[in-house]
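# Summary of the model geometry
Each chain is listed here by its residues.
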Amino acid sequence: MKTQARVVVIGGGAIGVSVAYHLAKYGWQDVVLIEKHELTSGSTWMAAGNCSFFHGNYYCTQVNMKSIAIYKQLEDETGQSVGWHTTGSIRTADNPGRMEELGYVYSMNRCLGLNVDWVTTEQIKELHPLMNVEGLTAGLYWPDDGDVDPNGITMAMSIGAKRHGAEINTHTQVTGIDRTASNEWLVHTDKGDITCEYVVNAAGLWGPEVAAMVGLEIPSIAGEHSHILFEAIDAVVDRDKYLPLVRDPDRSIYIRQEMDSLILGLYEGKVKQWNPKGVPWDYAQTELQPDIDHIADFIEHGIHRFPIMGETGFKHVTVGPITYTPNGDPLVGPAYPLRNFFHACGYSFGITQAGGIGHYLAGWIMNGEPEIDLWSMDSRRYGSYANWAYNHEKIEDTYPRLYAVITWNDWRDAARPNRTAPIYAHQKQAGAVFGDYYGWECPNYFCDGSSDTRENPGWKRNNTFKYVAAECRHVMNSVGLLDLSRFAKTRISGPGAEAWLNRMTCQKVPAADGRIALSPMLDHNGNFKSDMTITRIKAGEYFCVTASVGKRHDQHWLMENLPGDGSVCMEDMTYRQGCFVLAGPRSREVLAKAGYGDVSNEAFPFGTCREIYVGRTKCRVNRMNYVGELGYEIFHPIESQIAVYEALVSAGGEFDLKMFGMYAMDSMRLEKGYMAWKSEMNVHHTPLETNAAWTVKLDKDFIGRAGLEKQKKDGISRQLVCLVCTAEDADPWGYNPIFNGEQIVGMTSSGGYGHRVEKSIALGYVPPEFTAPGTKLEVEVLGKKLPAEVVSMPLYDPKNERMKA
Ligand SMILES: Cc1cc2nc3c(=O)[nH]c(=O)nc-3n(C[C@H](O)[C@H](O)[C@H](O)COP(=O)(O)OP(=O)(O)OC[C@H]3O[C@@H](n4cnc5c(N)ncnc54)[C@H](O)[C@@H]3O)c2cc1C
């Protein structure tokens, strides 16, 4: 075994082998993989091998697509059979909610150019004659899906990895990881130590144990999963064509052909966590004991859908452990707060995703940036709240719902609350219906009395609509209060702070005390990294605010780029400072009455920051907001939040001050064309393609400048536009294809209903020739094309007169 490597990949399951294979294939020398037993001996060897394009997330779907493309050519490349069968797959629907979900997936898949179509129950029956289609409404059909031999793909990739120079060590266990004095990693194994630059944690079931070796806690717990292979079925033997994989999500089952029979897999109503406190190190290649009583109801579901199963005996029941994370998606990418340590674990559908993630993660490690936006699987989407206990409670809810209707607004109660601002009880009293954002309880909307205290999740307008409308109108006409204490806040100080921040953002860091600047951070290619606002407190001291969910992501990026000479100091202020947004035409009067100090337009102009007493609390108040009204962001010590709140409420009484929620904020920001992080601002877009091009100052040096200079020279190929859609009951949301006639010319990045302008709005990227206001296009929502027109941005208060009033 080598003692020095560039990268050590821990784990020889499908994921680790794929990462090693791709790193070696793309040219890295000294790639070493360590596996404590045989390759595949964790979850991989037991997997059913289903490989489909389906995923509820646009970017995860791309990972699946990449896997399938890779598996299809692996045998030719390596000579190792991977058992790929193109079978096609069907996902059925038996209720309106599921039909909406399929509509969402259909439209999202069309953005990706996937071969997918609707199928009627008659067509389903034709595709799978053994199926009872009773009660079904319709389905989606992907003709190019298939299945693969999990052992075959892993072995093929290991052959490929070795051919490209990687070293694969089996029967070698990683026992600890340290940092050397020269900042490399020292990986200890039972066969000796290896010094390396990068470590990848692909330890599957043991991912948390390997993370703990470097002091990290990651939310990943094993649960038992069962699938049943039936005895040979004549009707299958007699066929000359493979039967498609069927997912009947409303019965929480999948069925596919295996040789001369069928496999039935199921996600039962209650997860059986397996060794939740930690999988024993010596576990390898062992099936778990079947518990037929536990899965009996779901076997019944299978027999209902495939009556032939009722007449056929079980050949084998496979039960094996799979890792589950709080939302079922994996934990990938740079491990906060470490340098050169990556996760590639937490996989529940790791065969489907191994090929793709090996490709994308290898690119991320080698180039420093991911080729596609992998935020939906980035381990930093979770903060410290997502610990073992959180996940232990959360997966009790997630596992039985792995096949539940996918929506964006199904706010589950499980494992909540975690983080609450002091104002929480007051919000509750005022009728708040909360969502959880990065562990924080935040009101989505406020309802009156006891009705509508739960949102009806779905892709169509729902019972929240009228409340959000009222909140937006109230902010427009009077004054509203929104708690945004969850903002990620970072104080940057020191003699080198200004120069360093100027390198970190394309914007010029404000040069005068009390000035505020929207300051996007970009990656090395010039694409959006983070949405940051910088306030200069005084020379050498800056207050930086970024999106709450991006806290670890953004602060990690800042930390990784800090100069080593101590000239810049970084301090996390997130949990010490609260933030209230006070917005609406009467907000100045409320602030004037609640506090001490001159808040007139002359004394406190737009885009500046002042220290003001709000009641007895000294606050730092920014005159700016994300909803496009006269308004303020009031940052305050978190321990004084109730004092600040009471001062505002008591002053706000005569102006009818009311709280509003996240949904109203989102509706209003769409009307203003304000971009959202990871929607408009993601790794696929630069500021030059957006209405924030003015923040780019090419006359200074900053990370990403070369990319922007090139783009400026070459010209942009896409531009952000605002579209007004003729929607009836479902607004665009994001990942909707934008059509010019029959041709898809772009995709929405977000959308919703603008209650102040009373229009259905989408933001999205299209080629420059479609950006002129008045251009007629179509936006496909839930599988239905809606007429849409490009309008000049912003739709609401285009001259910013209200904000600057
Ligand atoms: C019954 C069943 C059916 C399934 N069906 C499907 C399916 O149809 N489609 C699908 O996509 N997925 C399926 N899965 C899930 C899939 O198997 C997993 O998501 C996938 O195998 C995870 O791969 P992995 O490489 O991350 O982890 P693992 O396969 O668990 O591999 C991790 C490896 O790391 C090694 N390791 C851990 N710690 C150390 C250490 N300290 N030192 C050295 N080595 C270490 C382990 O020995 C192990 O080999 C199924 C799983 C089961 C159990």
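The notes below deal with the structure included here. (Residues numbered from 1 in each chain as written. Predicted model: local features only at pLDDT ≥ 70, side-chain atom pairs only at ≥ 80, totals over all residues. Heavy atoms only, no water.)

## As for the overall build of the chain
A tally of regular secondary structure across the chain gives 18 helices and 41 strands. In terms of overall dimensions, the chain has a C-alpha envelope of 85 × 65 × 50 Å along the principal axes. For the chain, buried positions account for 63% of its 805 residues. Pairs at least 24 apart in sequence give 72% of the contacts found in the chain among residues at least 6 apart. (Helix = DSSP H or I, 4+ residues; strand = E, 2+ residues; numbered from the N terminus. Buried < 20%, exposed > 50% of the residue type's maximum accessible area, 1.4 Å probe, protein only. Contact = heavy atoms within 4.5 Å.)

## Re the sheet that holds strand S32 (residues 609–614)
One open sheet accounts for seven strands, arranged S31-S32-S33-S34-S30-S22-S35; its pairing is mixed. Looking at strand neighbours, the two that pair on one side only are strand S31 (595–596) and strand S35 (658–659), the edges of this open sheet. For strand S22 (residues 480–483) and strand S30 (residues 577–583), the ladder comprises four bridges, and the chain directions are antiparallel. Residue Leu-482 lies in a different strand from S30, and its bridge partner there is Val-581. Helix-sheet contacts for helix H15 (residues 587–594) involve S30, S31, S32, strand S33 (617–622) and strand S34 (631–637), and the interaxial angle to S34 is about 35°. Where helix H16 (residues 641–652) meets the sheet, its contacts fall on S22, S30, S32, S33, S34 and S35, and the angle it forms with S30 comes to roughly 15°. (Pairing = 2+ DSSP bridges. Axes fitted to C-alpha atoms, helices over the stretch in contact; angles between N-to-C directions.)

## Observations concerning the site of the ligand
As a structural note, the neighbourhood of the ligand is formed by 39 residues, with Glu-35, Lys-36, Thr-44, Gly-350 and Thr-352 the closest of them. Interatomic distance of 3.1 Å between a backbone N/O atom of Ile-15 and an oxygen atom of the ligand. Across the complex, the protein chains shield 99% of the 1000 Å² of accessible surface that the ligand would expose by itself. For the shell around the ligand, the secondary-structure elements that each account for two or more residues are helix H1 (14–25), strand S13 (221–230), strand S17 (314–324) and helix H9 (350–367). When the residues that make up the shell around the ligand are grouped by side-chain class, the tally is 19 nonpolar, 18 polar and two charged. (Near = heavy atom within 4 Å. Polar contact = N/O pair within 3.5 Å; in protein donor to acceptor, adjacent residues only side chain to side chain. Areas by Shrake-Rupley, 256 points an atom, 1.4 Å probe, with all protein chains shown as cover. Nonpolar A, V, L, I, M, F, W, Y, C, P; charged D, E, K, R; others polar.)

## Describing the nonpolar core
With 122 residues, the main nonpolar core has Val-8, Ile-177, Leu-262, Leu-582, Val-614, Ile-634 and Leu-648 as its most contacted residues. The next biggest cluster of nonpolar side chains, apart from the first, holds 84 residues, and it includes Val-17, Leu-33, Trp-84 and Tyr-360. (Core = buried A, V, L, I, M, F, W, Y, C linked by side-chain atoms within 4.5 Å.)

## Topic: helix H10 (residues 388–398)
Within the sequence span of H10, burial applies to Tyr-390, Asn-391, Lys-394, Ile-395, Asp-397 and Thr-398. For H10, the angular spread of the buried residues around the axis is 145°, confining them to a single face. Buried-residue contacts for H10 involve S13, S17 and strand S20 (432–437). Its side-chain oxygen at 3.2 Å from the backbone nitrogen of Ala-389, Asn-387 defines the N-terminal cap of H10. (Arc of directions from axis to C-beta.)

## Let's talk about the environment of Asn-800
Mapped onto the elements of the fold, Asn-800 is located in the segment after strand S41 (784–791). Expressed as a C-alpha distance, the spacing of Asn-800 and Lys-489, which sit 311 residues apart in the sequence, is 26 Å. Within the structure, Asn-800 has its side chain in polar contact with the side chain of Lys-672 (distance 2.6 Å).

## A look at the packing of H15 against H16
Their axes nearest at 8 Å, the elements H15 and H16 cross at an angle of 115°. The handedness of the crossing between H15 and H16 is right-handed. Two secondary-structure elements touch here, H15 through Val-590, Lys-593 and Ala-594 and H16 through Ala-647, Leu-648, Ser-650, Ala-651 and Gly-652. (Left-handed = near helix turned anticlockwise from the far one by under 90°.)

## Details of empty space enclosed by the protein
This structure, assessed with the given rule, holds four cavities of 30 Å³ or more. Volume-wise, the largest cavity comes out at about 750 Å³. What lines the largest cavity is a set of 50 residues, among which Gly-42, Ser-43, Thr-44, Pro-321 and Tyr-347 lie closest to the centre. Those elements giving two or more residues to the lining of the largest cavity turn out to be H1, S13, S17, strand S19 (341–345) and H9. The element that contributes the greatest number of residues to the lining of the largest cavity is S17, accounting for five residues. Here the residues of the lining of the largest cavity are counted per class, giving 25 nonpolar, 22 polar and three charged. One number sums up the size of the second largest cavity: a volume of about 50 Å³. Broken down by secondary-structure element, the contributors of at least two residues to the lining of the second largest cavity are S13 and helix H8 (292–305). (1 Å grid on protein atoms, 1.4 Å probe; cavity = no way out; pocket = protein on both sides within 12 Å on 5 of 7 lines; lining within 4 Å. Points joined across faces, edges and corners; volume = space filled by probe spheres on them.)

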